Amino acid sequence: MIDFAKFMAKKFKELEWKFATKNQQYSCTADPLANFSAGARLKYGRSGVPEMYETLKDYCRKHVAYVETHGIDGKTLQDSLGDIAVYAVIALYMRACYEDECKVSGNETDV
């Protein structure tokens, strides 16, 4: 049986590389979330954190749909699962930005 902890550590390193590669492709120095802000502006007409978060979920759904329709032996399952994992961490970043934005604006809503 494959060692669980070693497998996880290796996958996290691979995901770090995947993120770095994709981040270089999709972001720019002025906007690290450029891909999400552009998508949000196209769909919602604005690119606030809530709209970018919804856009991220749209991008992620493509991979979730692949996972659902192709099963465990899907040809590009590994890639889709990796993309979902990276999107989840980006969503955590968006959540942190949203919480920070709410603190700055003095908004007392439950985040």
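Structural data are supplied above this passage.
Computed from a predicted model, the values in this text were never measured in an experiment.

Let's shift gears to the overall build of the protein chain. In terms of regular secondary structure, the protein chain is built from four helices and zero strands. Listed N to C, the secondary structure of the protein chain is α-α-α-α in terms of helices and strands. Taking the principal axes of its C-alpha atoms as reference, the protein chain extends roughly 50 × 30 × 30 Å. The burial tally for the protein chain puts 24% of its 111 residues in the buried class.

Turning next to the pattern of salt bridges. Evaluation of the coordinates by the stated rule reveals ten salt bridges. Between Arg 61 and Asp 58 there is a salt bridge, with the nearest N and O atoms lying 2.6 Å from each other. With Arg 61 and Asp 58 both in helix α3 (residues 49-70), this residue pair falls three residues apart, about one helical turn. Judged by its relative accessible area of 44%, Arg 61 falls in the partly exposed class.

Our focus in this paragraph is the packing of aromatic side chains. Taken as a whole and judged by the stated rule, the model has two aromatic pairs. Measuring from ring centre to ring centre gives 5.6 Å for Phe 36 and Tyr 59, while their planes differ by 35°; the resulting arrangement is tilted. Residue Phe 36 is found in helix α2 (residues 34-44), and its partner Tyr 59 is found in helix α3; the two are separated by 23 residues along the sequence. Given the relative accessible area of 6%, Phe 36 is considered buried. A residue is classified by how much of its surface remains accessible, and Tyr 59, at 24% relative accessible area, is partly exposed. Aromatic side chains Phe 36 and Tyr 87 sit 6.2 Å apart centroid to centroid with 80° between the ring planes, which places their arrangement in the edge-to-face category. With Phe 36 in helix α2 and Tyr 87 in helix α4 (residues 77-105), this residue pair connects regions lying 51 residues apart in the sequence.

What follows concerns the layout of surface pockets. By volume, the largest pocket is sized at about 580 Å³. As for the largest pocket, its lining consists of 23 residues, of which Phe 19, Lys 22, Val 86, Tyr 87 and Ile 90 are closest to the centre. Elements represented by at least two residues in the lining of the largest pocket include exactly α1 (4-26), α2, α3 and α4. In this structure, the second largest pocket occupies an estimated 340 Å³ of space. In this structure, the second largest pocket is lined by 13 residues; those nearest its centre are Lys 11, Gln 78, Asp 79, Leu 81 and Gly 82. Residue classes in the lining of the second largest pocket are distributed as seven nonpolar, two polar and four charged.

The rules behind these values
Residues numbered from 1 in each chain as written. Predicted model: local features only at pLDDT ≥ 70, side-chain atom pairs only at ≥ 80, totals over all residues. Heavy atoms only, no water. Helix = DSSP H or I, 4+ residues; strand = E, 2+ residues; numbered from the N terminus. Buried < 20%, exposed > 50% of the residue type's maximum accessible area, 1.4 Å probe, protein only. Salt bridge = Lys/Arg side-chain N within 4 Å of Asp/Glu carboxyl O. Phe/Tyr/Trp six-rings, centres within 6.5 Å; stacked < 30°, edge-to-face > 60°. 1 Å grid on protein atoms, 1.4 Å probe; cavity = no way out; pocket = protein on both sides within 12 Å on 5 of 7 lines; lining within 4 Å. Points joined across faces, edges and corners; volume = space filled by probe spheres on them. Nonpolar A, V, L, I, M, F, W, Y, C, P; charged D, E, K, R; others polar.

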